[in-house]
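As a plain string of letters, each chain reads:
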Amino acid sequence: MTDKLQSVLETSEIKPNIGSLVQNGKQDLLSGKYAAEIRSLLEERGVLVFPKINFTDDEQRQFTATLGNIARERTGEDVFTISLDPEKTSGVEYLKGSLYWHFDGTMQPLPILASILCAKVLSPTGGDTEFANTYAAYDGLSDEQKVELEGQSAMHSAWNTLYYYDPEPEQAKLEMFMDVGDIELPIVWTHKSGRKSLVLGCTARYIVGMDDKKSARMLNGLREWATSPPFHYTHKWSVGDMVMWDNTGTLHRATPYPLDAGRELHRTKLEGEEPILA
Ligand code: OGA
Ligand code: MN
């Protein structure tokens, strides 16, 4: 791609309710001159795709820093390797949960504002990343459903995700995941902007104070609704693509890929700026 300087942010919508392509070149993005515009487009569209931008780690770090404060991993890295290959990353165990709908930093007081992935090596099969717009999914509920969700909260636990891929875990592993703690979160997040989104994902264990069957039915139904085609986008990667998501108003997951496929994406994250409040 030629890197001519643009005087506008060049964007086009991918689907009506989710996703925009951004076509500007490296220099434009690294200059920071579009940072405010990119942030507001991200909030509006949920997912931004920068096709084959081919950022190096340094450029990814620099671009991320134009948008806010970089959030470090628990292990200290600011650019983190996402892969299921134990030779490539330290985080394989908890990344297995990335195959199920979630948002990043669910268990933290301020969940991650946005995450950014750059594709380095792809799997010959699978390994797409799917996204769902939880603002649009909330807006699409009936008035009756909205009233039903008012004041409801769910208990979220990292250890719930363990059962998705390791249904009979070793006790020590369960204890390790339980040590992460539990957090009660409203199902409807009223953001500072006044917009509302649904707070769901594989960490959601039960709706507080609700009969367990009714709670399971409701959580599953909401997940099915929020991730259904009108709110959903699948990114099929090319090497060099960068994809960024508003982690406060979307869910995401990877589609299955072989552990040894060598798939490797590099992730940076922006620190959260607001807690999840009803
Ligand atoms: C992540 C994540 C999905 C993927 O990086 O937070 O969930 O497709 N990645 O690897
Ligand atoms: Mn994730």
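Residues numbered from 1 in each chain as written. Chains lettered and ligands numbered in written order. Predicted model: local features only at pLDDT ≥ 70, side-chain atom pairs only at ≥ 80, totals over all residues. Heavy atoms only, no water.

> Tell me what's going on with the pairing of strand β15 (residues 264–270), and back it up with residues and numbers.
Across the seven residues that make up β15, a large majority, seven, are buried. In β15, alternate side chains face the same way, and those of E264, H266, T268 and L270 on one face and L265, R267 and K269 on the other are all buried. Here three bridges tie strand β4 (residues 80–82) to β15, and the two strands are oriented antiparallel to one another. Directly across from T81, in β15, lies its bridge partner H266. (Buried < 20%, exposed > 50% of the residue type's maximum accessible area, 1.4 Å probe, protein only. Helix = DSSP H or I, 4+ residues; strand = E, 2+ residues; numbered from the N terminus. Pairing = 2+ DSSP bridges.)

> Before we move on, could you go through the packing of aromatic side chains and cite the residues and values that matter?
The tally for this structure, following the rule as stated, stands at six aromatic pairs. Ring centres of Y100 and Y164 lie 5.0 Å apart, and the angle between their planes is 50°; this geometry places the pair in the tilted category. One end of the pair, Y100, is in the loop between α4 (92–95) and β5 (114–121); the other, Y164, is in helix α7 (residues 158–165), with 64 residues separating them in the sequence. Owing to a relative accessible area of 22%, Y100 belongs among the partly exposed residues under this scheme. The rings of F50, F55 and F63 are connected pair by pair, giving a single aromatic cluster. Across the ring face of Y135, the terminal group of R195 is positioned such that the distance to the ring centre comes to 3.7 Å. (Phe/Tyr/Trp six-rings, centres within 6.5 Å; stacked < 30°, edge-to-face > 60°. Lys NZ or Arg CZ within 6 Å of the ring centre and 35° of its normal.)

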